[in-house]
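# Architecture and fold: a report
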Amino acid sequence: MTVATQRRMIRTKDGLVGLVPELARKGDFVCLFKGGMVPLVMRKVGSRWTLIGDSYVHGIMHGDAFEETKCKTMWIPVKL
């Protein structure tokens, strides 16, 4: 059960189910990144994006659903 610690179950608009960080909320995005092995939960804040955390979403792991034609540039602020 340690895999699900600080996680919550979700269902996407497309009907996929998964586990996301407990800080995720309705309106966040599950994103696939080029070269990434797991989907990331992102939140749009103004014109920038904030990383909420990694996720497990059944059916889109290991780049299975990645489509390069749908790629967009995202600016993610880094706190140092």
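Residues numbered from 1 in each chain as written. Predicted model: local features only at pLDDT ≥ 70, side-chain atom pairs only at ≥ 80, totals over all residues. Heavy atoms only, no water.

### Describing the pairing of strand S1 (residues 7-11)
As paired strands, S1 and strand S2 (residues 17-21) are joined by five bridges and run antiparallel to one another. From the neighbouring strand, arginine 8 faces S2, where its bridge partner is valine 20. Two successive antiparallel strands, S1 and S2, enclose a turn made up of five residues, where glycine 15 displays a positive phi of approximately 90 degrees. (Pairing = 2+ DSSP bridges. Helix = DSSP H or I, 4+ residues; strand = E, 2+ residues; numbered from the N terminus.)

### Quick notes on unusual backbone geometry
Phi is positive for glutamine 6, close to 60 degrees, though the residue is something other than glycine. Its location among the elements puts glutamine 6 in the segment before S1.

### A few points about the layout of surface pockets
Over the atoms rolls a probe the size of a water molecule, and its path tells where empty space is left. Approximately 1,300 Å³ is the volume found for the largest pocket. Looking at the lining of the largest pocket, the elements with two or more residues in it are S1 and strand S3 (29-31). (1 Å grid on protein atoms, 1.4 Å probe; cavity = no way out; pocket = protein on both sides within 12 Å on 5 of 7 lines; lining within 4 Å. Points joined across faces, edges and corners; volume = space filled by probe spheres on them.)

### Describing the environment of isoleucine 76
Mapped onto the fold, isoleucine 76 is located in the segment after strand S6 (56-57). For isoleucine 76, a relative accessible area of 38% puts it in the partly exposed group. A sequence separation of 69 residues divides isoleucine 76 from arginine 7, and the C-alpha atoms of the two residues are 23 Å apart. Not counting the four nearest positions on each side in its chain, isoleucine 76 is found in contact with Met42 and Trp49. (Buried < 20%, exposed > 50% of the residue type's maximum accessible area, 1.4 Å probe, protein only. Contact = heavy atoms within 4.5 Å.)

### Observations concerning the confidence of the model for the chain
Mean pLDDT over the chain: 88, with 96% of residues reaching 70 or higher. Confidence, read as mean pLDDT per element, is least for strand S5 (residues 48-54) in the chain (92) and greatest for S2 (96). (pLDDT = per-residue confidence, 0-100.)

### Some points on the sheet that holds S3
In any sheet, the strands associate via hydrogen bonds between backbone groups, in a parallel or an antiparallel arrangement. Strand order in the open sheet formed by three strands is S3-S4-S5, and the pairing between neighbours is antiparallel. Lying at the two open borders of the sheet, with one neighbouring strand each, are S3 and S5. Shown here is a sheet whose adjacent strand axes are inclined to one another by a mean of 40 degrees, direction ignored. Pairing analysis gives six bridges linking strand S4 (residues 40-45) to S5, with the strands arranged antiparallel. (Axes fitted to C-alpha atoms, helices over the stretch in contact; angles between N-to-C directions.)

### With respect to the packing of aromatic side chains
Tallied over the full model, the rule gives one aromatic pair. Considering the side-chain rings of phenylalanine 29 and tryptophan 49, the 5.2 Å spacing of their centres and the 75 degrees angle between planes classify their relative orientation as edge-to-face. In this pair, phenylalanine 29 sits in strand S3 while tryptophan 49 sits in strand S5, placing the two residues 20 residues apart along the sequence. Here phenylalanine 29 falls in the partly exposed class, since its relative accessible area comes to 40%. The class for tryptophan 49 is buried, based on a relative accessible area of 13%. (Phe/Tyr/Trp six-rings, centres within 6.5 Å; stacked < 30°, edge-to-face > 60°.)

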